[in-house]
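# Fold and geometry: a report
The chain contents come next:
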Amino acid sequence: LLRTELDGEGFSNVDIVAPFIEDMLYERGGDNLKLIYLGLLAGDLVRIAPSKRRGDYLDKILHLINSDSLDVTALVDISKDIYDDLKATSSSKRILVVGDPLVMFNEFLNNFTLRDIEDKGHRVIYGPFSEYMWVLWSDFVDQNGGDDADMLRERLDEFKSYIDLV
């Protein structure tokens, strides 16, 4: 379907690359993997922020990315600001949302239900996507790590340490 759409729009020269997300764990040097970790955590922070301030926090994170300053220390600082914002924000009800990430994080698939709940002044607390990814990768290492299992586990331990800090 995607190929058909690209061809129809005159982009037949564009390749489609669809790697398995688990392959990131094998990335040489791990530098891009660290950026993926930070990106996942940054997304979690934006999502946990009060809905009216998400744009502000997204702008801060985009500034960090564009200035090549995104690191775990910057995310910890942002998390403290979000914590202060959350303490100062009142809501009549809170709902914790966990489950299939594809449904949780896709408004169309959840029929805009979570957005509607927030629009009514209630707080929606999303399960962190970074933890979903950590579990996915951890299960992959447990089942398929082979000779690289120790190296892969070290990389996941680094991600877990970032999760714990933020």
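Note that the structure is a prediction, hence the values are computed from the model and not measured. (Residues numbered from 1 in each chain as written. Predicted model: local features only at pLDDT ≥ 70, side-chain atom pairs only at ≥ 80, totals over all residues. Heavy atoms only, no water.)

### Describing the overall build of the protein
Each helix and strand in the protein was counted, giving 8 helices and 2 strands. Counting only C-alpha atoms and orienting by the principal axes, one finds that the protein spans roughly 50 × 45 × 35 Å. Within the protein, buried positions represent 30% of all 166 residues. By sequence separation, contacts in the protein at least 24 residues apart represent 66% of the contacts at least 6 residues apart. Counting only carbon and sulfur atoms, one obtains 54% of the accessible surface of the protein, whose full area is about 10800 Å². Within the protein, the 32 negative side-chain charges are centred at a point lying 10 Å from the centre of the 18 positive side-chain charges. (Helix = DSSP H or I, 4+ residues; strand = E, 2+ residues; numbered from the N terminus. Buried < 20%, exposed > 50% of the residue type's maximum accessible area, 1.4 Å probe, protein only. Contact = heavy atoms within 4.5 Å. Areas by Shrake-Rupley, 256 points an atom, 1.4 Å probe, with all protein chains shown as cover. Lys, Arg positive; Asp, Glu negative; His and termini not counted. Charge placed at Lys NZ, Arg CZ, Asp CG, Glu CD.)

### Remarks on the packing of aromatic side chains
Per the counting criterion, the structure on display carries 7 aromatic pairs. With a centroid separation of 5.9 Å and an interplanar angle of 25°, the aromatic rings of Phe105 and Tyr126 are classed as stacked. Note that Phe105 is positioned in the loop between α5 (101-104) and α6 (113-119) and Tyr126 in strand β2 (residues 123-126), a separation of 21 residues in sequence. Here Phe105 falls in the partly exposed class, since its relative accessible area comes to 27%. The exposure class of Tyr126 is buried, given its relative accessible area of 8%. (Phe/Tyr/Trp six-rings, centres within 6.5 Å; stacked < 30°, edge-to-face > 60°.)

### Quick word on the nonpolar core
Residues Leu25, Tyr37, Leu75, Ile78, Trp137 and Phe159 are the most contacted members of the largest nonpolar core, which totals 28 residues. Among the secondary structure elements, those contributing two or more residues to this core are α2 (31-48), α3 (54-66), α4 (72-88), α7 (129-144) and α8 (149-165). Per-element accounting of this core gives the leading share, 8 residues, to α2. Discounting chain neighbours no more than four positions away, the residues touching Tyr37 are Leu25, Trp137, Arg155, Leu156, Glu158, Phe159 and Tyr162. (Core = buried A, V, L, I, M, F, W, Y, C linked by side-chain atoms within 4.5 Å.)

### Let's talk about the layout of surface pockets
What the largest pocket holds in volume is close to 280 Å³. Lining the largest pocket are 17 residues, and of these Asp44, Leu45, Ile48, Pro128 and Val166 sit closest to its centre. Elements represented by at least two residues in the lining of the largest pocket include exactly α2, α4 and α7. When its residues are assigned to classes, the lining of the largest pocket shows 11 nonpolar, 3 polar and 3 charged. In this model, the second largest pocket occupies a volume close to 200 Å³. Taken together, 16 residues form the lining of the second largest pocket, with Pro50, Ser51, Thr89, Gly121 and His122 sitting closest to its centre. Listed by contribution, the elements that provide at least two residues to the lining of the second largest pocket are α2, α6 and β2. Across the lining of the second largest pocket, the residue classes tally to 4 nonpolar, 6 polar and 6 charged. (1 Å grid on protein atoms, 1.4 Å probe; cavity = no way out; pocket = protein on both sides within 12 Å on 5 of 7 lines; lining within 4 Å. Points joined across faces, edges and corners; volume = space filled by probe spheres on them. Nonpolar A, V, L, I, M, F, W, Y, C, P; charged D, E, K, R; others polar.)

### Details of empty space enclosed by the protein
What the rule picks out here adds up to 1 cavity of 30 Å³ or more. A volume near 40 Å³ is recorded for the largest cavity. Taken together, Arg47, Met104, Phe105, Asn106, Glu107, Asn110, Leu114, Arg115 and Tyr126 form the lining of the largest cavity. Class assignment of the residues belonging to the lining of the largest cavity gives a composition of 4 nonpolar, 2 polar and 3 charged.

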